Amino acid sequence: MNELANELARRYGARDWHDQRPNLASVWVDAIRVHDSLAWLKDSAGYVHLSFLTAVDNIERKAFTLTYALRNHEKSHGLIVHCDIDRDNPTIDSIHLLWGQAWTYQRELKEWFGIDCPGSPRKDEEFVLEGWDAPPMMRRDFDSLAYSQATYEDRPGRESADPAAHMKQKLYPEASL
Amino acid sequence: MDIKDFIAPFAVWKRAFEKPFTVKKPIDDRPGAPRYRGFHINDADKCVGCGTCEAICMNKAIDMVPAPGHDAGPGDSGLRPRIDYGRCCWCALCVDICPSGSLGMSNEYVWIDSDPEVFRYTPGVEPKPWDGAELGYRRAEGYRLLDEHRVDMPELHHAEAVKSFLELVRGYSRQQAEKEADRCVSCGVCIASCPAHMDIPGYIKAVRDGELDTGLRLLYETNPFPEACGRICTHLCEEACSIGTGGDPVAIRWLKRYIADQVELSDYAKALPRAEAPTGRKVAVVGAGPGGLSAAYYLTLLGYKVTVFEKDGEAGGMLRYGIPEYRLPYPALDKDIGYIESLGVGIKRGVSIGKEITLAKLRADYDAVYLSTGLPTAYGLEVPGDKHPRVLDGVAVLAAATRGEELRLGERVAVIGGGNVAMDAARTALRHGAKVDILYRRREQDMPADAEEISEAKAEGARLVEKAIPLEVKDAAGAYAGKSAIFVWNDAVMVQKEPGKRPVPEPIPGAVREERYDSIIAAIGQGPDLSFVAESDGVPMKRFKPIVDADGKASTGTVAGAPVFAGGDLVNDRKDAISAIADGHRAAVGIDRLLGGKGA
Amino acid sequence: MKRDAMPRIPPEEKATFDLESGKYLVMWQGPQHPGITGNMSLRLVIEGDTVVDCETHVGYLHRGFEKLMERRLYMQNFPLVCRIAVPEPDFNEYCYAAALEELAGIEIPDKAVWLRTLSLEMIRLASFLMWIGGQAGAFGHGTIAQWSVTMRDYVLDLFEELSGGRIYHMYIIPGGVRGDVPKGFLQHVLETMDIIKKNLDDIELVMFHNAVYKMRAQGLGCIPPEWVDKYGITGPNARAAGVARDLRKDIGYLAYPRLDFQPLVGKVSDAYERSQLRLGEMYQAIDLIRQIVELMPKDGPFREKLPNPLYWKIPAGETYVAAECTRGEYGFYVVSDGSDKPRRIAVRGPSYTHAVSVMERLVRGVNIADVAGLMVSLHTYPPEIER
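Fair warning: this is a prediction, and the values are worked out from it, not measured in the lab.

## Details of the overall build of chain B
- Looking only at helices and strands, chain B features 20 helices and 22 strands.
- Along the first, second and third principal axes, the C-alpha atoms of chain B reach 120 × 70 × 45 Å.
- A burial count over chain B gives 50% of its 600 residues as buried.
- Considering only contacts within chain B whose residues lie at least 6 apart along the sequence, 73% involve residues at least 24 apart.

Following this line, the structure appears as structure tokens:
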């Protein structure tokens, strides 16, 4: 596989090739070259199958990491292509012309992460979250617990005691220690 | 398309005459499979209310609620899990993780009611038809989410151990400590059982996370003797440990030792709190044992100037003079004491109250006095001949060993008693090359010593003579006269005199035996020495103990002078280091409150 | 319709229709189950009784699993993942467990490997049995569903005996499985396989040698082989088009390399051949289950000891673990940041493309009466789309 790593590095400046296991590797490219490298992998390197694409919110370094999982059936090898994009201005080239199902994933990226893929069909339509008015839900800074507490009511009458606190109260309430 | 495609579909008609698949009223006739994950059952007597089920429940379906008939007590929080079937998903992770194994599931799955509130109940406490169901989900044999086995502690082999005073227990490595800390479920049921109420889950978490400075800070919040307690504590916490209900309890004591061992004394100050601004007040502490020094430590943190008076040449009390160095090496103890001294606590060694200086003088010169003098006086055998020169006092033997004196115990040694002092004396004698018999008036299981002390003493070669009631000590005859003594005892049987009480030894008529020993070490117990307390000091006593209030205050205020507090073995019934430390801490807070400190 | 009448690959952009012209009718199919497909809906544009345009609408079963998992401990997610696919929860359990084991460097005992394989093949059979009822029902053949759903219940009885749960088995736990087989279980498995095989023979006769079924299903929804890579089509939908890809063979996970089987392939991926291929895979599953029962070690440990689940941290890293489910490539993408909770978990379900991109294109030109049958013939399951 090193041949492929070298070729990707030479053509698209790919870096950080990592063999996760014998039949799965990952590699990083710059966001601006992700479309071209995927097109090359699909057309010339045998990675014809797009398993899925998604994003990971790396909020600590203010980036969304995009993940494109490809598969080469002939070599029975999976390749994950990564690129980082700016979390404050999340835009990435659309790959809907490369794979027929990619537009759905890109629509999901828009709705769940707020990542825009200009040119991707129907990207601004609602996907699964009808009438969603909160921030994109898969962002790390969207607190789903707080959202649910604000949106729904808890069943009344539930309360729980902490064993240590309960025992202090029952057995040695006077202790000032 | 051929003719078959038109005829074949009619084959369905053959089924018209077959027995249908459906059964009538399946609910009545179909019990769940033997492993079915149905409604919960809980053996509420086995359950200790640790709340681990609540912690693992990903649906937040479990609340820990007080259960009638199950009061909080040692090793039992008094809480029991209540399950909200509006949230439960029947995954049974609660069953898989339950430390005691009390939780299970029945194979019952039908429960119909028009009131939704009933589907929230406390299994085992609120009776249900499926209570005690034989069938239903239990965790499979050989499958547990928690590790029931403690990480083995590297120890010297007994044959090796008995040759020297090297420390037996070598301590955990980082990997071992973190693995052991991983066994804890942070339930906190242990905290109530610790006399000092140490934050045990907190410092175990610190071990797990590799944050030893945090761990040290948590230790010192309630106990300034982590090196010593990490080795010799009576670890009541481990008896209460919820993990111990279904396996080995977490090695809480060894983990405490691990933290203290790993942090260098020179780094303590970085991790631990600084003393508050001086209050200008002075406190005298009598006795530099763990209790006295604990009081000194916490008083110093509160801004008091503390002076400790110690009759012996070194500080540490029974930790130094009562516990052999193979259990508590002196450098470890020195580290604990060294940090306390480094905060400015003055220890006046070799100063005996009542001789060099009176209690009345302390009460005049200081703003408060704390008595923590312990139990220095050994009880005698109280049999004829017990003044024989070869009858020795166990505590004195241990103290002499600490001072490095020649013990001259001889070849054959008898140790009379069943407490920790007896075991320590026996093992010290073994290390001096003696053949040792331990004679005890009851059975092995009645011995007050820690079980591991007893088993180690036996493993190192001590012979245990149970049910031996001392009758007499005689001088040996012939060449041994004056050099050896004959110990005479009566074999006994255990008799249940009163139901519910522990059985007592009754001598068997005529079963009198005797044995010649070069030394007979009496380790029957110790009493206080309060000769330095005068009537005029205004410290009332009962059964040779100062009477103290909830803060540890012993003086009544009828006599002029600084208030007197007391604690440790002198006062409490536990008579162990950790109780003395707790008393010292409590008295420090009490003194501060009385003298108008922050807590006032 | 001729069986090789392949649809023209339509443009990626949506076609526009003048809905005000009076020539078209907009009709919603779903979100009720139109034949055991799960809750999703198709917005159809109809001209006469022919569909000219379709949009798939999902979200009716969205429960936010991927977000929920980021808030929970690794072990707490184990009871959660199975809910992503009701008819075949075990694939979720396997992919999740295998991903964690790979990231944490845990090797599971051989017995667990076999028990996992058994569990996956049993659920494959159960899931197909439910599907075939829907497939036949969508063409008005309700009797098949009566039989096949009963057979599925027999498989669920086996699961109940093995794991304590009928629908959500929660059996494949990180580290292995939750218990060895109970006494007499393997005998029950073999007996049940005999019953099911006999019923499959009946279904084969009645459903596949049936003029009505043939006339309606043959030529319906032909997937051209060149679509397979274009749309990421996997599983029976791809194999029926002659593309012999089966992750059980290609990746060779669990005990599959030690089992004797060949991926089934067809020639024309229309509704008829896809269903025929799935029927073949049911027979294959029965055969595999019998092989597993025979080859599985009789005893041995079934779970590797893991750290305390309350604090279990997984080293930072990422992996993608896929398995061949009944519908194709099912996978879990797991990213760990080294903490005790996952940083990101993404679930790859085959319906993501089958029920959206492929469905929307295949349905154009189809008679509205055949839409449900077409949908079932793609074996779609919406929760794996919306998670």
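## Observations concerning the interface of chain B and chain A
- Across the contact, 26 residues belong to chain B and 17 residues belong to chain A.
- For the side of chain B that touches chain A, the secondary structure elements donating two or more residues are strand 2 (62–66), strand 3 (79–84) and helix 20 (577–594) of chain B.
- Of the residues forming the side of chain B that touches chain A, the biggest block, four residues, is contributed by strand 2 of chain B.

## Topic: the sheet that holds strand 4 (residues 63–72) of chain A
Residue and element names in this part refer to chain A.
- Across the sheet, five strands lie side by side as 1-2-5-4-3; this open sheet has mixed pairing. Strand pairing shows two members of the sheet lacking a second neighbour, strand 1 (15–21) and strand 3 (49–58), which therefore form its edges. Each strand of the sheet is rotated relative to its neighbour by a mean of 20°, with strand direction disregarded.
- Lying on the sheet, helix 3 (residues 102–113) is in contact with strand 3 and strand 4; it crosses strand 3 at an angle near 15°.

## Regarding the sheet that holds strand 2 of chain B
All names here are of chain B.
- Here three strands make up an open sheet; going across it, the order is 2-3-5 and the pairing antiparallel. The open sheet terminates on both sides in strands that have one partner only, identified here as strand 2 and strand 5 (120–121).
- Pairing analysis gives two bridges linking strand 3 to strand 5, with the strands arranged antiparallel. Bridged to Asp84 within strand 5 is Arg120.

## Considering helix 6 (residues 185–208) of chain C
Residues and elements named next belong to chain C.
- Compared with the 34 Å implied by 1.5 Å per residue over 24 residues, the 33 Å span of helix 6 between its first and last C-alpha is a close match.
- Here helix 6 has its buried residues at Val189, Met193, Ile196, Asn199, Leu200, Ile203, Val206 and Met207.
- The secondary structure elements touched by the buried residues of helix 6 are helix 4 (110–138), helix 5 (142–163), helix 7 (211–217) and helix 11 (271–295).

## Let's talk about the interface of chain A and chain C
- Contacts between the two partners involve 34 residues from chain A, matched on the other side by 35 residues from chain C.
- At the level of elements, strand 1, strand 2 (24–28), strand 3, strand 4, strand 5 (77–86) and helix 4 (144–151) of chain A are the ones that each hand at least two residues to the side of chain A that touches chain C.
- Looking at the side of chain A that touches chain C residue by residue, the classes come out as 16 nonpolar, 15 polar and three charged.

## A word on the packing of helix 5 of chain C against helix 6 of chain C
Residues and elements named next belong to chain C.
- Contact geometry for helix 5 and helix 6: axes closest at 10 Å, N-to-C directions at 165°. When the axes of helix 5 and helix 6 are compared, the pair comes out roughly antiparallel. By crossing handedness, the relation of helix 5 to helix 6 is classed as left-handed. Where helix 5 approaches helix 6, its residues Ile144, Trp147, Ser148, Met151, Tyr154, Val155, Leu158, Glu161 and Leu162 are matched on the opposing element by Phe185, His188, Val189, Thr192, Ile195, Ile196, Asn199, Asp202, Ile203, Val206 and Met207.

## As for the pairing of strand 9 (residues 368–371) of chain B
Residue and element names in this part refer to chain B.
- Neither face of strand 9 is left uncovered, since the one carrying Ala368 and Tyr370 and the one carrying Val369 and Leu371 both have all their residues buried.
- The sheet contact formed by strand 6 (residues 282–286) and strand 9 spans four bridges and is parallel. Counterpart to Val283 in the pairing with strand 9 is Ala368.
- As defined by bridge partners, strand 9 adjoins strand 22 (residues 564–566) across three bridges and the pair is classed as parallel. Residue pairing across strands places Tyr370 opposite Phe565, the latter belonging to strand 22.

## A word on helix 20 of chain B
- When the terminal C-alpha atoms of helix 20 of chain B are compared, their 25 Å separation across 18 residues agrees well with the 26 Å that a helix rising 1.5 Å per residue should span.
- Among the 18 residues that make up helix 20 of chain B, 16 are buried, leaving the element largely enclosed by the rest of the structure.

Rules used throughout
Residues numbered from 1 in each chain as written. Chains lettered and ligands numbered in written order. Predicted model: local features only at pLDDT ≥ 70, side-chain atom pairs only at ≥ 80, totals over all residues. Helix = DSSP H or I, 4+ residues; strand = E, 2+ residues; numbered from the N terminus. Buried ≥ 20, exposed ≤ 12 C-beta atoms within 10 Å, placed from the backbone. Contact = placed C-beta atoms within 7 Å. Pairing = 2+ DSSP bridges. Axes fitted to C-alpha atoms, helices over the stretch in contact; angles between N-to-C directions. Expected span 1.5 Å × (residues − 1). Nonpolar A, V, L, I, M, F, W, Y, C, P; charged D, E, K, R; others polar. Parallel < 35°, antiparallel > 145°, perpendicular 65-115°, else oblique. Left-handed = near helix turned anticlockwise from the far one by under 90°.

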